[in-house]
Each structure stands twice: as C-alpha cells, then as structure tokens.
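# Understanding the architecture of this molecule
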Amino acid sequence: MATHGARGRSGGRPTLEEVAARAGVGRGTVSRVINGSPRVSDATRAAVEAAVAELGYVPNTAARALAANRTDAIALVVPEPETRFFAEPYFSDMLKGVGAELAETEMQLLLIFAGSDRERRRLAQYLAAHRVDGVLLVSVHADDPLPDLLAQLEIPAVISGPRSAAETLTSVDSDNYGGARSAAEHLVSRGRTRIAHITGRLDVYGAQRRVDGYRDALRDAGHGVDERLIEPGDFTEEGGARAMQALLARCPDLDAVFAASDVTAAGARQVLREEGRRIPDDVALVGYDDSAIARHMEPPLTSVRQPIEEMGRRMLDLLLTEIADRRPAVSRGLERPQMVLQTELVTRASS
C-alpha cells in the first residue's frame, strides 16, 4: 500500500535526530549539511542527503533560523551606482559565481547598492539591525567605511580584494600585479616601446597593483617608465575615452596601450579609431578581465583573464564558513584568509 509522506519512528514528521541516526553521523553534522556549511566532507554530505531523501525530512527553516538567531540571508553589497553595476561584466560575472554557489544552500541573496551617501546611511541602519547573516562586499575603495562598520558590528564579511596590503578582513582577489605584468611584458615582446597605461580608480588597491605590475615589467625590460604615459581612469568606457584623448595629446608617438579593464579598452579603441590610428598596426591594445566585450570587439581584444565567477564562488564559500562559526574571523583573533587566484593572458588580434 502506498504511503503519503514519510513518517519518523514517532509516527510524525521525521526529526533531525532520525536523519542523523540513518546517516550514521551526529546531529551537528546533519545541521551543518542542511545549513550549507563547506566544512563537511563530500562522503558525509552524500550520506546525510541520502538519509534526508529516504526519510522525507523537511527542515523547519523559520524555526531553525529563529533558534540560531539567524536570518538565512546574506547581502551582496555594491558601493557603486546601479548604472555601473549593469554596464560592467565584472559585476554580473561575480553575481553569477555567488549565485551558483548559493544555489546549493537554503540561504537567500539580497543585492544592495550603496553608491550614494543616502544609500550608505540606509545600509548602515539595515546592517545594525542584523537583518543578514553575512555580507559580500565588492568593488571596495580605500576610504570606504563599510568594511570597518561590518567588523564593528561583528557581521561575517568577505570582500573582493583587499583595501591595502594590511587588510584585516577576509578577501578574495585575482593576481592584479601578475596580470598587469604579463600584459606589459607581452607588449614589450611585440616590439612596442612607447607603452601607455590607462589605470583604474587609484583608490582601489587592485588598480594600484596593476600599475605596479606595469611599471616593474617595463623597468625589467630596460625601457624605463615615462610618467607621461600613465593616465588615470575609472574602469568605465567614458573614462577610457577621456584618458586616451589625454594620452594622444601628450604622447602622440605612443605605440601600445594597456587598459585596466576591457570596458576602459573599448573607450580607448573608439578614440584611436576616430584619430585614424589602426589597431594593432599603429597602436597595440590590451585590456583586463577577458569579458565578452574582449571577444566581440573588432579586432578581438587581447586581455588578462581573471576568474571572476570563481572569485564569487570562493567568496561565498569563505563567508559560509564564517557564518557557520557564528563570528567573523577578526572577532576570534584568527588570521584572515587573503585568497589570490591566478590570471591568464589571452592573446588576440588587437596586439
């Protein structure tokens, strides 16, 4: 005779203890699996999931969250205007990575913009009420008060790239120095001698490290660094166009440009074309991110690939670990992980 819904030994709904007994593990291990903690082996996770399926166990999410003083929600905070978030592939790729990892848990993701002072004040009040279990913070600037606020509130947090070499929060980043160095070395190997750099926002540590990599590559190649060939940008297409105009006016003999992002490179390319400069014949062009923009540009853009989706996954994995431990690493006096993922130069026709 068919049954309608699984029953525990007591005849009611299956309990957490019965799932633990069926899986041959402790109650805490079952809880960690259900809560999506990464601190469980694959074999144990499989055993618990099999027991859950066999018994038809359905966790009481609301009761569990209330008992644990949790919200079962995390926030992805972007301290940038919404227009930049939707214009730059970096953010959508980061969100894709976070979303893919979060799909394996029962937690919800809140996307919060904090690009204006008013939005920041509202966010501060929201965080102070502890309405989320943790925060992923992307595109962090050196003077951003949000990371320190999160530490003060003892809210688990992971940021996409340190604010400085002395970062106190857990962070995940790509090798900005190595990526930029490989871009400049590539241009040198192509015989280019007047290599310009359009930077990102220099209050972002990652942008500073890209400048360092560019400088060191030129010095080590015996070219020296001409400061007139370095022009500040802001990672945007408009910023790339403005910087390219300034560079051409100041150094019309330049023969290569390394842009701090593919979006910036797109702006530079437009100006080069308007000025009658052929790519790569007259000016070689290299971007950063290896986004869809690079692949679809004409000519296709050489770019430094950084594993943005993987960065998002790693950020969430580290955040879930801190949430499972209930307090951020900084509050426990532990060394904060500073994860750096490798980059790769993808060569195309623009250089």
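Bear in mind that the values here come from a model prediction, so they are computed numbers and not experimental data. (Residues numbered from 1 in each chain as written. Predicted model: local features only at pLDDT ≥ 70, side-chain atom pairs only at ≥ 80, totals over all residues. Heavy atoms only, no water.)

### Some points on the pattern of salt bridges
Going through the model one piece at a time under the given rule, you end up with 25 salt bridges. Note that Asp-226 is salt-bridged to Arg-194, the shortest N-O span being 3.0 Å. Placement of Asp-226 in the loop between helix H10 (205–220) and strand S7 (230–231) and of Arg-194 in the loop between helix H9 (176–189) and strand S6 (195–198) is noted, with a sequence separation of 32 residues between them. Residues Asp-226 and Arg-194 agree in their burial class; the two are buried. Connected via shared salt-bridge partners are Lys-96, Glu-309, Glu-310, Arg-313 and Arg-314. (Salt bridge = Lys/Arg side-chain N within 4 Å of Asp/Glu carboxyl O. Helix = DSSP H or I, 4+ residues; strand = E, 2+ residues; numbered from the N terminus. Buried < 20%, exposed > 50% of the residue type's maximum accessible area, 1.4 Å probe, protein only.)

### Quick notes on the sheet that holds strand S3 (residues 134–137)
Pairing within the open sheet is parallel, and its six strands lie in the order S2-S1-S3-S4-S5-S11. The two strands at the open ends of the sheet, each matched to only one other strand, are strand S2 (108–113) and strand S11 (338–341). Adjacent strand axes in the sheet meet at a mean angle of 20°, parallel and antiparallel pairs treated alike. Note that strand S1 (residues 73–78) and S2 share six bridges and pair parallel. The partner of Ala-75 across the bridge, within S2, is Leu-110. Strand contacts of helix H7 (residues 117–128): S1, S2 and S3, with the helix running at about 150° to S2, the strand carrying the most contacts. (Pairing = 2+ DSSP bridges. Axes fitted to C-alpha atoms, helices over the stretch in contact; angles between N-to-C directions. Contact = heavy atoms within 4.5 Å.)

### Things to note about the confidence of the model for the chain
Summing up the model confidence of the chain, the mean pLDDT is 88 and the portion of residues at 70 or higher is 91%. For the stretch residues 1–10, pLDDT sits under 50, and the model shows 11 contacts to residues farther than four places along the chain or on other chains. (pLDDT = per-residue confidence, 0-100.)

### Quick word on the packing of helix H11 (residues 237–250) against helix H12 (residues 262–274)
H12 packs onto H11 with a crossing angle of 45° between their chain directions and a minimal axis gap of 7 Å. It follows that H11 is oblique to H12 by the angle criterion. Pair H11 / H12 crosses with right-handed handedness. Where H11 abuts H12, its residues Glu-237, Gly-240, Ala-241, Met-244, Gln-245 and Leu-248 lie against Val-263, Thr-264, Ala-266, Gly-267, Ala-268, Val-271 and Leu-272. Considered class by class, the residues forming the contact of H11 with H12 number eight nonpolar, four polar and one charged. (Parallel < 35°, antiparallel > 145°, perpendicular 65-115°, else oblique. Left-handed = near helix turned anticlockwise from the far one by under 90°. Nonpolar A, V, L, I, M, F, W, Y, C, P; charged D, E, K, R; others polar.)

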